[in-house]
Amino acid sequence: MLFSILDNIGTIAFAISGALTAIEKRMDIFGVLMIAIVTAFGGGTLRDILIGNFPVTWLTDLSNFYVVTGSVVITILFRKVLLKLPLSLLFFDAIGLGIFTLIGIQKGLLVNLHPLVCVLLGTVTACFGGVIRDILCNEVPAIFHKEVYATACMAGGVVFFAGEYFAFSRDVIFISTIVTIIVIRLLAVRYSWSLPHVKVWGE
Amino acid sequence: MLFSILDNIGTIAFAISGALTAIEKRMDIFGVLMIAIVTAFGGGTLRDILIGNFPVTWLTDLSNFYVVTGSVVITILFRKVLLKLPLSLLFFDAIGLGIFTLIGIQKGLLVNLHPLVCVLLGTVTACFGGVIRDILCNEVPAIFHKEVYATACMAGGVVFFAGEYFAFSRDVIFISTIVTIIVIRLLAVRYSWSLPHVKVWGE
Amino acid sequence: MLFSILDNIGTIAFAISGALTAIEKRMDIFGVLMIAIVTAFGGGTLRDILIGNFPVTWLTDLSNFYVVTGSVVITILFRKVLLKLPLSLLFFDAIGLGIFTLIGIQKGLLVNLHPLVCVLLGTVTACFGGVIRDILCNEVPAIFHKEVYATACMAGGVVFFAGEYFAFSRDVIFISTIVTIIVIRLLAVRYSWSLPHVKVWGE
């Protein structure tokens, strides 16, 4: 139940982030809706495709569509307020990141994949909606050069399997995974953390 | 039979549109062929992947390859004429749009998806070949900001399920769906319809 | 055994090529790793998806991950040397091209696809990792406009099925396919071969 609520919060945050990006790119309302859908569902879709889970999740559960469509309408109506509230957006986005990573890890476990691969699947679930969004908007995906983003997901994955190793309860593992990701992500933005770039020649 | 002819017309139109785009981008003949293949098969491939229909259609039916290859040869030979005939191209393209939407809707019904999802699948089938073409050519996909395109497909989808609801005959539903899409698409170009863009600040 | 060694050489070459591209794009180390993974696994992943082979290969065989990660570490450490040795890189890359085309053709035969489609699958396996790499780096994929690359794969495919037709032994077919691709690719670079571009108007 709580899980489902958090899932919806993540979907909403990702839909809003996609819609705002599309609005800034001067897309029409169809474009805005499509980019929001792709941002919210893209990561889970790629995950489902990689592990062979068909039809992909969002085709058989319409509720997510209504959530995304509602988010887009609200984003369009309140875009001026939202653009002034990057911090609240960031917070929702971090929650989505945490939840989607957890969901991805579990989907990987369901098909008996190696923990390392599960962590990667979780990261793909959480991050690749944004990657596809950036590709469709004709930009180099932000996560490849800008911020600590996927790294937060991977850290959460490590916490997950550490929790499994020490046989903590399901609830403890779930919550600590999500909280780890959210905290790292927020701290990274707060303190402008970024991964080292590889320097060429004498830069 | 008529269906198969129309399908081929759609494939030809999409292959030509892809080839012309690649020629304008100064690609070599392999690039032109690949972009034509991607434009013609991309939407159907993405649809097949999403619903889990493997191997994807064009891998098991070579005839489509010959149609695309022939279209590319003709496009290269007659590129000067074709570039002067945007209207005939537009007309073929609109037919392709109508047919591919209809095919996508039916593939969705075959795997028992919700009508709303079927309409989206139809739209994906008709539009995403062009989206992938634009991504490969390093441009923001035209359908997200330029014209009434996907919207025509969706309108056709509404007509389809309205027809189902009123229990019209298969033929009537099929024809009215395709005609709706073609007419809306042509009118949209003729009268420069476009969807509203979302304005930011005081634009 | 030899096959497995060659496979690893191909993976290493593609991972290095991806990592160097990402370094030039000033990505952070996560971006460098991701682009290397995508370049090395992207073609095989797309092939597996098209024929419906799930979960895709690299999810169930971790050894490839270690190979890619090791390649990335070495690329970062020795980037100055590597950037001065384009010829050795080119040679590895050509080996990867040969091996991956052969693997793709055989995967197609396993699911009873037509020889023509198998050749295309082999080409996709060998080339599309690079295409996805270029898309993620926001560039028009090099193979569409730059060099004889996919064409070498296709020539290798023709050799493969010519060998099958004349009932040569497996080893002879495999080796001649790979050697054909490597030789054509190296000659193409040495003598600056390129496919004809389609001219528009009076260029």
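Residues numbered from 1 in each chain as written. Chains lettered and ligands numbered in written order. Predicted model: local features only at pLDDT ≥ 70, side-chain atom pairs only at ≥ 80, totals over all residues. Heavy atoms only, no water.

The name that an unreviewed UniProt entry assigns to chain A is Trimeric intracellular cation channel family protein, with the source organism given as Chitinophaga agri. A UniProt comment under Subcellular location (unreviewed entry) is attached to chain A, and it reads "Cell membrane". The Sequence similarities (unreviewed entry) field of the UniProt record for chain A holds the comment "Belongs to the UPF0126 family." (UniProt positions renumbered as here; feature names shortened; annotations may be inferred.)

Asks: Is there a simple way to think about the overall build of chain A in this case?
Replies: Of the regular secondary structure elements, chain A holds 9 helices and 0 strands. Secondary structure elements of chain A occur, N-terminal to C-terminal, as α-α-α-α-α-α-α-α-α. What you see for chain A is a C-alpha radius of gyration of 17 Å, in line with the 17 Å of a compact globule of 203 residues. Across its three principal axes, chain A shows a C-alpha extent of roughly 55 × 50 × 30 Å. Each of the 203 residues in chain A was classed as buried or not, and the buried ones make up 54%. Across chain A, the fraction of contacts at a sequence separation of at least 24, relative to all contacts at a separation of at least 6, is 74%. When the accessible surface of chain A is split by element, carbon and sulfur atoms take 69% of a total near 8600 Å². (Helix = DSSP H or I, 4+ residues; strand = E, 2+ residues; numbered from the N terminus. Rg over C-alpha atoms; globule rule 2.2 N^0.38 Å. Buried < 20%, exposed > 50% of the residue type's maximum accessible area, 1.4 Å probe, protein only. Contact = heavy atoms within 4.5 Å. Areas by Shrake-Rupley, 256 points an atom, 1.4 Å probe, with all protein chains shown as cover.)

Asks: Sorry if this is basic, but what is going on with the relation of the copies chain A and chain C here?
Replies: Comparison of the two chain copies shows a relationship of rotation about an axis with a shift along it. Overlaying chain A with chain C gives an RMSD of 0.0 Å, the required rotation being 120 degrees about an axis along which the chain moves by 0.0 Å. Here the copies are linked by what is in effect a three-fold axis. Among all residues of chain A, the minimum C-alpha distance to the rotation axis is found for Asn138(A), at 3.9 Å. Taken as a fraction of all interface residues of chain A, those also at the interface in chain C reach only 12%, which identifies the copy contact as different-surface. (Least-squares fit on C-alpha atoms with pLDDT ≥ 70 in both.)

Asks: Whenever I open this one, the nonpolar core confuses me. Can you help?
Replies: In globular proteins that are soluble, nonpolar side chains generally tend to be buried together. Val32(A), Val32(B) and Val32(C) are the most contacted members of the largest nonpolar core, which totals 189 residues. Residues within four places of Val32(C) in sequence aside, it is in contact with Val198(A), Ala19(C), Ala22(C), Ile23(C), Met27(C), Val72(C) and Ile76(C). (Core = buried A, V, L, I, M, F, W, Y, C linked by side-chain atoms within 4.5 Å.)

Asks: What is the right way to look at the UniProt feature "transmembrane region" (unreviewed entry) in chain A in this model?
Replies: What UniProt calls "transmembrane region" (unreviewed entry) maps, in this numbering, to residues 6-23, 30-50, 56-78, 85-105, 111-136, 148-167 and 173-193 of chain A. Secondary structure within residues 56-78 of chain A divides into 83% helix and 0% strand; the distance between the first and last C-alpha atoms comes to 31 Å.

Asks: Any chance you could explain the relation of the copies chain A and chain B here in plain terms?
Replies: Mapping chain A onto chain B leaves a residual RMSD of 0.0 Å; the transformation is a rotation of 120 degrees accompanied by 0.0 Å of translation along its axis. A share of only 13% of interface residues in chain A that are also interface residues in chain B marks the association as one of differing surfaces.

Asks: Help me out: how do you make sense of helix α4 (residues 63-77) of chain A in this one?
Replies: Residues that lie three or four places apart on an α-helix share one face, since the helix turns once every 3.6 residues. All names here are of chain A. Over its 15 residues, α4 extends 21 Å from the first C-alpha to the last, a length consistent with the 21 Å expected when each residue adds 1.5 Å. For α4, the full list of buried residues reads Asn64, Phe65, Val68, Ser71, Val72, Thr75 and Ile76. One side of α4 holds all its buried residues, which, seen down the axis, span an arc of 130 degrees. (Expected span 1.5 Å × (residues − 1). Arc of directions from axis to C-beta.)

Asks: Whenever I open this one, the interface of chain A and chain B confuses me. Can you help?
Replies: By a frequent convention, interface size equals the accessible area lost on bringing the separate parts together. The partner chain B presents 32 residues to the 30 residues of chain A that form the contact. Of the roughly 2900 Å² buried where chain A meets chain B, counting both sides, 76% is carbon and sulfur surface. Together, Asp28(A), Phe30(A) and Leu59(A) form the three largest contributors to the area buried by chain A at its contact with chain B, with a combined 23%. Remark: the boundary between chain A and chain B carries 2 residue pairs in polar contact (both at pLDDT 80 or more). The greatest single-element share of the side of chain A that touches chain B, amounting to 8 residues, is contributed by helix α2 (residues 29-51) of chain A. For the side of chain A that touches chain B, the per-class residue count stands at 21 nonpolar, 4 polar and 5 charged. (Buried area = accessible area lost by both parts, 1.4 Å probe. Polar contact = N/O pair within 3.5 Å; in protein donor to acceptor, adjacent residues only side chain to side chain. Nonpolar A, V, L, I, M, F, W, Y, C, P; charged D, E, K, R; others polar.)

Asks: Would you mind showing me how to read the packing of helix α7 (residues 115-136) of chain C against helix α8 (residues 150-165) of chain C here?
Replies: Between two packed helices, the angle of one axis relative to the other and the distance separating the axes together describe the packing. Residue and element names in this part refer to chain C. Close contact between α7 and α8 brings their axes to 9 Å; oriented N to C, the two are set at 140 degrees. With respect to α8, the axis of α7 lies oblique. The way α7 lies across α8 gives a crossing that is right-handed. Counted together, Pro115, Cys118, Val119, Leu120, Thr123, Ala126 and Cys127 of α7 and Ala150, Cys153, Met154, Gly157 and Phe161 of α8 form the full contact between these two elements. Its residues assigned to classes, the contact of α7 with α8 comprises 10 nonpolar, 2 polar and no charged. (Axes fitted to C-alpha atoms, helices over the stretch in contact; angles between N-to-C directions. Parallel < 35°, antiparallel > 145°, perpendicular 65-115°, else oblique. Left-handed = near helix turned anticlockwise from the far one by under 90°.)

Asks: In this structure, what is going on with unusual backbone geometry? I would like to understand it.
Replies: Leaving glycine out, the prevailing phi sign among residues is negative, and the prevailing peptide bond configuration is trans. The peptide bond linking Phe54(A) to Pro55(A) adopts the cis configuration, its omega dihedral lying at -15 degrees. As for its position among the elements, Pro55(A) is in the loop between α2 and α3 (57-60). Here the phi dihedral of Ser192(B) falls at roughly 50 degrees; this positive angle occurs in a residue that is not glycine. We classify Ser192(B) as exposed; its relative accessible area is 60%.

Asks: So what exactly am I meant to see when it comes to the interface of chain A and chain C here?
Replies: Each partner contributes residues to the interface: chain A has 32 residues there, and chain C has 29 residues. For the pair chain A and chain C, the two sides together bury roughly 2800 Å², of which 76% comes from carbon and sulfur. In this structure, the connection of chain A to chain C is made through 2 residue pairs in polar contact (both at pLDDT 80 or more). Elements that contribute at least two residues to the side of chain A that touches chain C include exactly α2, α7 (115-136) and α8 (150-165) of chain A. Taken together, the residues that form the side of chain A that touches chain C break down as 22 nonpolar, 5 polar and 5 charged.

Asks: Mind showing me how you'd approach the environment of Gly157(C) here?
Replies: Residue and element names in this part refer to chain C. Following the sequence through the fold, Gly157 ends up in helix α8. Taking relative accessible area as the criterion, Gly157 reaches 0% and is therefore assigned buried. Between the C-alpha atom of Gly157 and that of Gly98, which follows or precedes it by 59 residues, the distance is 9.7 Å. When neighbours within four sequence positions are excluded, Gly157 is seen to be in contact with Ile105 and Val119.

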